[in-house]
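In case you want the letters, here they are:
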Amino acid sequence: MPRLNDHFHYLDEQMLKRWKAPIINDYLCMLFFGLLKKLTGEWVADAKTAESLQNDLLCGEGGLDSTEPTKCLMRLAENLDKGDKATRDWLLSTPAEKIWDEIRAEKKHLPFAVGFHDFLDRFGFRSINELKLEEPDLHDDPTFVINSIVSYVRSGSYKIGDMEAREREIRATAEGKVKAKLGGLRLMLYWWVLKQARRAVKNRENLRFARTKIFGVSRHLFRAMGRKLTALGVLGNEHDIFYLTVEEIVAYIEGRGLSGNLSPMVEARKVEYAVYRDTAPPPDRFISLGAAGVSNEHMNVLAEGDLLRSLSESDDPNILKGTPCSPGVIEGIVRVVHNVKDAEGINGEILVTARTDPGWVPLYPSCSGLLIERGSLLSHSAVVARELGLPTIVGVNGGLMTKLKTGQRVRVDAGKGEIYILEA
C-alpha cells in the first residue's frame, strides 16, 4: 500500500498538478477559434452560413490522436473482411464475450488475435466515460470494440481512404469560397488566423487524449489500492474505493484519517449515488437562490430557471435546432442511446444521445449521423466528427432525448443545424 501511495503522489505532483500546457492551449484555442468566427462572419459569409463555413474549414486537419484507435479498429475490420474466410465467419457468428474468451485463451484466429492484442496494448486504457475512474477500461472488457469491428465488417464501413477523401473535399470547397471572397492582405491574415485555429484545436484535442492516458494509469493505481484494502477487510470489494475521496484514501494509508471505519461511508454514498443516478440532470445554465445544495434537491425548480430554454428552439414541434458541427444532409432512422449498450449492433442509423466522450468514438463509423443534446463546437464530439466527416449537430435544444424515439425517421441538415421529424 505505501508503494502504491508513493506512485500516486509522484503522478499527482509530476503530472496531474502541472496543468499549464492545457490552460495555455485552451486560451489559444478560444482566441483563434473566436477570431476565425468573427472574420468569417464579417469578411466571407453571412450570418446564416458563417458557422457552417467555419466548421468546413476545420475539417480534415489530420494528426488527431483520438481518431487513431478507431482507425486502428477499421484497419482490423478491413483485414478481417478481406482475409481468412473462416476467421471472418467465426467473428460474425460468435457473441463478443466468447470471441474475447477465445482470443484471451490464445485459440487460433491469427493474425486477427495478434492485431487485437496490439490494439489493447496501445489503447486498452480507453473506456466509456473515460474521465470516470470507476468505469472499467478495455483491458477489463473489450467487447464494446469487438462489437464495433463486427459492425464495420457487416456494413463495410472501414474505408479510411474514402472518409479522408470526403474530409479533403469539404475542406477544399470551403477554402475555395474564402478565395473567391478575399484577396491581398485580408486573405493573408485570414489564412494565418485559420492556420493558428487549426493547430490550436488539434493540440487541444491531442492533450485531451493524453489526459485519458493519465486517467487510465490513475484508474489502475486506485483499483490496486482497492484490492489491497479489500484483502485487509477494510472494504467489501475493490470497486468500493471509488466511493471515497482521494484525501480519505491517502489519509487512511498514511494513518491520519478522521475515521478508520471506511465501510459505513461507502454504503452511505452508494445510497446517495443511486438517487443521483436516477435524477434528471440540471439545465446547462440556470439561476438558483439561496444555498446551492438545497437547489440541487429540487431539479424541477432548476428546470424552471433554465436560461437557455428559448434559444435555438423552433416554433414547429417537428423541427429541432442545434449547433451545426460537421456538414451533410441525411435522412434515416434514429437510434436513441442512453448508454453505450443501447448502441449495440448499430448499423447506419443516426445516433442520438445526450452526450458523448472519447470512449464513444468507435461507434462513429457505424453511424450515418450524430445528434447530441449537449456540447459545443469545441467539444470532443464536434472535433472528432469533423475529422471523420460525420454529419453532426451538437447542443440540440427542445427536448432531443424525449421527442425522438428509436425507429423514427428524421431528415438532418447538419450544415444548418436543423432536424426534421418525419415520423411522429
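Residues numbered from 1 in each chain as written. Predicted model: local features only at pLDDT ≥ 70, side-chain atom pairs only at ≥ 80, totals over all residues. Heavy atoms only, no water.

**Some words on the overall build of the protein**
Move 1: Assigned secondary structure in the protein consists of 16 helices and 8 strands.
Move 2: Its C-alpha radius of gyration of 24 Å places the protein within 12% of the 22 Å reference for a compact globule of 424 residues.
Move 3: Here the protein holds 424 residues, and 47% of them are scored as buried.
Move 4: Taking the intrachain contacts of the protein between residues at least 6 apart in sequence as the baseline, contacts between residues at least 24 apart amount to 63%.
Move 5: Of the roughly 21,400 Å² of accessible surface on the protein, a fraction of 54% belongs to carbon and sulfur atoms.
Move 6: Within the protein, one finds 57 positive and 58 negative side-chain charges whose respective centroids are separated by 5 Å. (Helix = DSSP H or I, 4+ residues; strand = E, 2+ residues; numbered from the N terminus. Rg over C-alpha atoms; globule rule 2.2 N^0.38 Å. Buried < 20%, exposed > 50% of the residue type's maximum accessible area, 1.4 Å probe, protein only. Contact = heavy atoms within 4.5 Å. Areas by Shrake-Rupley, 256 points an atom, 1.4 Å probe, with all protein chains shown as cover. Lys, Arg positive; Asp, Glu negative; His and termini not counted. Charge placed at Lys NZ, Arg CZ, Asp CG, Glu CD.)

**Looking at the nonpolar core**
Nonpolar side chains in soluble globular proteins tend to end up buried together.
Move 1: The biggest cluster of nonpolar side chains holds 78 residues, and the ones touching the most others in it are F116, F119, I149, Y190, L363 and Y364.
Move 2: Take this core: its biggest share by element is 8 residues, from helix α10 (residues 184-231).
Move 3: For L363, the residues in contact, after removing those within four places along its chain, are F144, Y152, V340, A343, I346 and L351.
Move 4: Counting 19 residues, the second largest nonpolar core, distinct from the first, contains L4, L11, I241 and L262. (Core = buried A, V, L, I, M, F, W, Y, C linked by side-chain atoms within 4.5 Å.)

**With respect to the side chain of S148**
Move 1: Residue placement: S148 occurs in helix α8 (residues 143-155).
Move 2: The buried category is assigned to S148, whose relative accessible area is 5%.
Move 3: Once you skip the residues sitting within four places of it in the chain, S148 turns out to touch P362 and S366.

**Comments concerning the pairing of strand β7 (residues 409-413)**
The side chains of a regular strand alternate, residue by residue, between the two faces of the sheet.
Move 1: Note that strand β3 (residues 329-337) and β7 share 5 bridges and pair antiparallel. Its bridge partner lying in β7, I333 is registered against R409.
Move 2: Summarising the sheet, β7 and strand β8 (residues 418-421) pair through 4 bridges and their orientation is antiparallel. By the bridge assignment, V410 is partnered in β8 with I421.
Move 3: Linking β7 back to β8 in an antiparallel pair, the connection comprises 4 residues, with G417 at a positive phi of about 75°. (Pairing = 2+ DSSP bridges.)

**Some details on the environment of D316**
Move 1: Here D316 shows up in the loop between α14 (299-304) and β1 (319-321).
Move 2: It is 9.5 Å that separates the C-alpha atoms of D316 and Y420, two residues lying 104 residues apart in sequence.

**Thoughts on the pattern of salt bridges**
Move 1: Under the definition given, this model contains 27 salt bridges.
Move 2: With a closest N to O distance of 2.9 Å, D26 and R204 form a salt bridge. Placement of the pair is D26 in helix α2 (residues 20-44) and R204 in helix α10, with a sequence separation of 178 residues.
Move 3: In this structure, the salt-bridge partner of R171 is E61, at a minimum N-O distance of 3.0 Å. (Salt bridge = Lys/Arg side-chain N within 4 Å of Asp/Glu carboxyl O.)

**With respect to helix α3 (residues 50-57)**
Move 1: Of all 8 residues making up α3, 7 are buried, and the element is well covered by its neighbours.
Move 2: Residues of α3 that are buried make contact with α2, α9 (160-181), α10, β2 (323-326) and α15 (380-388).

**Let's talk about the sheet that holds β1**
Move 1: The 8 strands lie next to each other as β1-β8-β7-β3-β4-β5-β6-β2, forming an open sheet whose pairing is mixed. Taken across any chain shown, the strands that pair with only one partner, and hence form the sheet edges, are β1 and β2. Mean inter-strand twist for the sheet, computed between neighbouring axes without regard to direction, equals 30°.
Move 2: In terms of strand pairing, β1 meets β8 through 3 bridges, oriented antiparallel. What sits directly across from I319, in β8, is Y420.
Move 3: Here α15 sits on the sheet in contact with β2, β5 (369-372) and β6 (392-394), set at roughly 40° to β2. (Axes fitted to C-alpha atoms, helices over the stretch in contact; angles between N-to-C directions.)

**Some points on the side chain of S127**
Move 1: Looking at the secondary structure, you find S127 in the loop between α7 (112-123) and α8.
Move 2: Those residues in contact with S127 that sit more than four places away from it in its chain are E135, P136, D137, R219, D357 and G359.

**As for the packing of aromatic side chains**
Move 1: Summed over the entire model, instances satisfying the criterion amount to 12 aromatic pairs.
Move 2: Judged by centre distance (6.0 Å) and plane angle (25°), the rings of F112 and F116 are stacked. Separated by 4 residues within a single helix, F112 and F116 lie in helix α7, roughly one turn from each other. In terms of burial, F112 and F116 fall into one category: buried.
Move 3: Look at F119 and F123: their rings are 5.5 Å apart centre to centre, the planes differ by 55°, and that puts the pair in the tilted class. Here the residue F119 and the residue F123 both occupy positions in helix α7, the gap between them amounting to 4 residues, near one helical turn.
Move 4: The exposure class of F119 is buried, given its relative accessible area of 1%.
Move 5: What makes F123 buried here is its relative accessible area of 5%.
Move 6: An aromatic cluster of three or more residues is present, and its members are W90, W100, F112, F116, F119, F123, F125 and F209. (Phe/Tyr/Trp six-rings, centres within 6.5 Å; stacked < 30°, edge-to-face > 60°.)

**A few points about the environment of H220**
Move 1: Relative to the assigned elements, H220 resides in helix α10.
Move 2: For H220, a relative accessible area of 35% translates into the label partly exposed.
Move 3: In the structure, H220 is positioned 83 residues away from D137 in sequence and 9.5 Å away in space, judged by C-alpha atoms.
Move 4: H220 has contacts with D137 and H139, leaving out every residue within four places of it along the chain.
Move 5: Engagement of the side chain of H220 in a polar contact is seen with the side chain of D137, the distance being 2.6 Å. (Polar contact = N/O pair within 3.5 Å; in protein donor to acceptor, adjacent residues only side chain to side chain.)

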